[in-house]
Amino acid sequence: TIPTILERGFSTLWSLAVLPANQSRIAEAKGIEMVVSSIYASTEYERVQQQGCGCIFTLALDPHNRLALRRAGCVDAIVLTAKAHFSSVHVHTEVNRCLACLSTPDVGRFQIPSISEDELDTILFSMSRFEGAEDIQVHGCQALLNFLRAGNSSSIFMSKRGSMVQAMERASSRFGPQ
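Residues numbered from 1 in each chain as written. Predicted model: local features only at pLDDT ≥ 70, side-chain atom pairs only at ≥ 80, totals over all residues. Heavy atoms only, no water.

**With respect to the overall build of the chain**
Definition in use: Runs of E in the DSSP output that reach at least two residues are strands. Runs of H or I that reach at least four are helices, and both are numbered from the N terminus. Relative accessible area decides the class of each residue, using a 1.4 Å probe on protein chains only: under 20% of the type maximum gives buried, over 50% gives exposed, and in between gives partly exposed. Here a residue-residue contact requires only that any non-hydrogen atoms of the pair lie within 4.5 Å. Computed by Shrake-Rupley with a 1.4 Å probe, the accessible areas treat only the displayed protein chains as cover when residues are assessed. Counted as positive: Lys and Arg. Counted as negative: Asp and Glu. His and the chain ends are not counted at all. Think of each charge as sitting on NZ of Lys, CZ of Arg, CG of Asp or CD of Glu.
A count of helices and strands for the chain gives 11 helices and zero strands. Put simply, the chain runs from its N terminus to its C terminus through helices and strands in the order α-α-α-α-α-α-α-α-α-α-α. The principal-axis extents of the C-alpha atoms in the chain amount to approximately 45 × 40 × 30 Å. The buried share of the chain, taken over its 178 residues, is 49%. Taking contacts inside the chain between residues at least 6 apart in sequence as the whole, the part at least 24 apart equals 75%. For the chain, the accessible surface area stands at approximately 8800 Å², while carbon and sulfur atoms represent 55% of it. Of the side-chain charges in the chain, 16 are positive and 17 negative, and the distance between the mean point of each set is 3 Å.

And the structure:
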C-alpha cells in the first residue's frame, strides 16, 4: 500500500540523511519537497508522519537545508502532523525534535526565523500533553530557548509568556539537573 511504501521510504531516507554529505544531495534531488508534500498527502498515517518528521529532522541538521525546509512549508506540515496525531508521544517527540533543530542558529550565516503562533502552540501543547516524556520536554525547551535568543518574535512570546514559563518550569523541575 502507499502508506507502507512511504513509511519504508521515509525510514530509508531518514537513515541516509544522517550522513552530512547525503543531506545536501537529498536536498539537491528535490528530497525536501518530496518529504513535505508526502507528509501533507498522508496525514492519517501515524507511522508515516513520524518517519517523515524524522527525515525533516535529519535534513535540518544541515544549516543550508533549514531555510529550504521552511520555504518548502515543513513547519506547517509539522504543525498539521502534531494536530492530526495529538495523542501520539512518538509523533510529538519527532515534531519537537524537528522544531528544535529548525530553530538552531548557525553562527554567522543564518538568522533564526520568527516563530509562528502555530509553531509555538504546537511546542507548548506537546510539552503540556506529554509532561512525562523527557525527549519532548528537552527538545521543546531547546526550541523555545533558540527562538527566545533570536529575539525576533517578542509579540508572540509576550502573548504566551505565562504558558511558556509554566512549560519550561515543569520541564526543568522534572528533568533538569539533579
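**Structural notes on the side chain of Gln50**
Mapped onto the fold, Gln50 is located in helix H4 (residues 46–60). Gln50 sits in the buried class, given a relative accessible area of 11%. Excluding residues within four positions of it along the chain, Gln50 makes contact with Trp14, His90, Val91 and Glu94.

**Comments concerning the packing of H4 against helix H5 (residues 63–71)**
Let me state the cut-off plainly: Angles shown run from 0 to 180 degrees and are taken between the N-to-C directions of axes, each axis being a line fitted to C-alpha atoms and, for helices, limited to the stretch in contact. Reported orientations rely on four angle classes, namely roughly parallel under 35 degrees, roughly antiparallel over 145, roughly perpendicular from 65 to 115, and oblique for the rest. In this classification, the charged set is Asp, Glu, Lys and Arg, the nonpolar set is Ala, Val, Leu, Ile, Met, Phe, Trp, Tyr, Cys and Pro, and all remaining amino acids, among them Gly, are polar.
Viewed as axis vectors pointing N to C, H4 and H5 meet at an angle of 135 degrees, and their least axial separation amounts to 7 Å. In this view, H4 runs oblique relative to H5, as classed from their interaxial angle. Contacts from Ile56, Leu59 and Ala60 in H4 reach Pro63, Asn65, Arg66 and Leu69 in H5. Across the contact of H4 with H5, the residue classes tally to five nonpolar, one polar and one charged.

**A look at the packing of aromatic side chains**
The condition is simple: Two aromatic rings from Phe, Tyr or Trp, using only the six-membered ring of Trp, form a pair when their centres are within 6.5 Å; if the ring planes differ by under 30 degrees the pair is stacked, by over 60 it is edge-to-face, and anything between is tilted. Geometrically, a lysine NZ or arginine CZ counts as sitting over a ring once it is within 6 Å of the ring centre and also within 35 degrees of the ring normal.
Here the structure, examined in full by the defined rule, presents zero aromatic pairs. When the ring centre of Phe57 is taken as reference, the NZ or CZ atom of Arg97 above it lies at 3.8 Å.

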